[in-house]
Amino acid sequence: MPFPMQKANSQQMIPIVFLSLGPGDAELLTVKAAKMLQQADIIIIPATADADGQMHSRAADIVGAWSTQEKIHLYPLPMRPDRQAAHAVYDRIYTDAREAQASGQRVVVAVEGDTSIYASIHYVLERLRADGIATEQQPGIPSFIAAAAMAGLSLCSQQERLLVIPGDATAGELRELLDSGHVVVVMKLSRCQQAVKQLLCEQGAAVEVNYFENVGTPAAFHTADADLILHRDMPYFSLAIIRRGTDRG
């Protein structure tokens, strides 16, 4: 057990909070989220490690603006297609969060973006709920909402339909979605960047792609220039908002 133990001061357990931190800017937290970070005894954050074993977590950078370092506990999360190792880390988070809660501590599990949108940490939340453990889920600003604001875009209007998908689409699937009146947000874009580039090559001005990287951070980048998009290597923290252009060809 990695946490200092405290005696529970009541029979009713304080819920384990799964807290959404927003896209990357510490000032984009909700007021409630900031208060919860300040009041927490333990803040659990999944993190990634580089080849040298150095831990990296944008979530920790956000939390650090609102809390003290001694409250932050990083859990190295393997970023591999085989999810078995990742689930072992989630199992450890489950156990540690549950034990800290049982000792009377206020536990926050903090993740970037919103915990309800492609957040694998939801595995832990669902397991806790299934076991009857008190939990609470707090919303945050999703990266694609922050991206639209950054670019001054209307995500959807009139009869357009907004669809958020992971980066597993083909160029043909994207084209079909656009033809059926959808505005498509592609998350985890690096996984299907070739499909987006193929769509741009095939459709030209008939498609409008707004491309974003590292939204909410000092490294934020946005372009709607097709040539720049075609020649850019898209990192993990990238997304696209795609819609039909005014020239449908």
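The rules behind each value
- Residues numbered from 1 in each chain as written.
- Predicted model: local features only at pLDDT ≥ 70, side-chain atom pairs only at ≥ 80, totals over all residues.
- Heavy atoms only, no water.
- Axes fitted to C-alpha atoms, helices over the stretch in contact; angles between N-to-C directions.
- Helix = DSSP H or I, 4+ residues; strand = E, 2+ residues; numbered from the N terminus.
- Parallel < 35°, antiparallel > 145°, perpendicular 65-115°, else oblique.
- Left-handed = near helix turned anticlockwise from the far one by under 90°.
- Contact = heavy atoms within 4.5 Å.
- Nonpolar A, V, L, I, M, F, W, Y, C, P; charged D, E, K, R; others polar.
- 1 Å grid on protein atoms, 1.4 Å probe; cavity = no way out; pocket = protein on both sides within 12 Å on 5 of 7 lines; lining within 4 Å.
- Points joined across faces, edges and corners; volume = space filled by probe spheres on them.
- Salt bridge = Lys/Arg side-chain N within 4 Å of Asp/Glu carboxyl O.
- Buried < 20%, exposed > 50% of the residue type's maximum accessible area, 1.4 Å probe, protein only.
- Core = buried A, V, L, I, M, F, W, Y, C linked by side-chain atoms within 4.5 Å.
- Arc of directions from axis to C-beta.

Peer 1: Just give me the short version of the packing of helix α3 (residues 84–102) against helix α4 (residues 122–130), but keep the residues and values in it.
Peer 2: The geometry of α3 relative to α4 is characterised by a closest axis approach of 9 Å and an angle of 45° between their N-to-C directions. Between α3 and α4, the angle falls in the class oblique. Read as a crossing pair, α3 and α4 show a hand that is right-handed. Between α3 and α4, the residues in contact are His87, Tyr90, Asp91, Ile93, Tyr94 and Arg98 and Tyr123, Val124, Arg127 and Leu128, respectively. Residue classes in the contact of α3 with α4 are distributed as six nonpolar, one polar and three charged.

Peer 1: Give me the layout of surface pockets: which residues, what numbers.
Peer 2: Within this model, the second largest pocket holds a volume of roughly 160 Å³. Lining the second largest pocket are Ile14, Pro15, Val17, Met36, Gln39, Ala40, Arg106, Val107, Val108 and Glu136. Every element with two or more residues in the lining of the second largest pocket is listed here: α1 (31–39) and β5 (107–111). Of the residues in the lining of the second largest pocket, the class split is seven nonpolar, one polar and two charged.

Peer 1: If you had to explain the pattern of salt bridges to someone new, which residues and values would you point to?
Peer 2: Applying the stated criterion across every chain, the model contains seven salt bridges. We note a salt bridge from Arg127 to Asp91, for which the minimum N-O separation is 2.9 Å. Separated by 36 residues along the polypeptide, Arg127 in helix α4 and Asp91 in helix α3 bring together distant segments of the chain. Residue Glu202 pairs with Arg175 through a salt bridge whose shortest N-O separation is 3.2 Å.

Peer 1: Can you tell me about helix α7 (residues 193–203), naming the residues and giving the values?
Peer 2: Looking only at α7, the buried set comprises Gln193, Ala195, Val196, Lys197, Leu199, Leu200 and Gln203. Of the surrounding secondary structure, the elements contacted by the buried residues of α7 are α6 (171–179), β9 (207–213), α8 (226–230) and β11 (238–244). Positive backbone phi, approximately 60°, marks Gly204, located one or two places after α7.

Peer 1: Can you break down the nonpolar core residue by residue, with the values?
Peer 2: If you look at the biggest cluster of nonpolar residues, it comprises 22 residues, and the most contacted ones within it are Ile16, Phe18, Ile44, Ile93, Ile121 and Val124. If you list the elements that add at least two residues to this core, you get β1 (16–20), β2 (42–49), α3, β5 and α4. Here the element with the most residues in this core is α3; it accounts for seven residues. Beyond its immediate sequence surroundings of up to four residues, Ile121 is in contact with Phe18, Pro46, Tyr90, Ile93, Val109 and Val111. Formed by 20 residues, the second largest nonpolar core is a distinct cluster that contains Leu174, Leu189, Val196 and Ala240.

Peer 1: Kindly report on α1, identifying the contributing residues and their values.
Peer 2: Within the span of α1, buried status applies to Ala33, Ala34, Met36 and Leu37. Seen from one end, α1 has its buried residues packed into an arc of 160°, which puts them on one side.

Peer 1: Can you break down the environment of His87 residue by residue, with the values?
Peer 2: Structurally, His87 can be placed in helix α3. On a C-alpha basis, the gap between His87 and Val124 in space is 9.1 Å, while along the polypeptide they are 37 residues apart.

Function-wise, these values are silent; they only describe arrangement.
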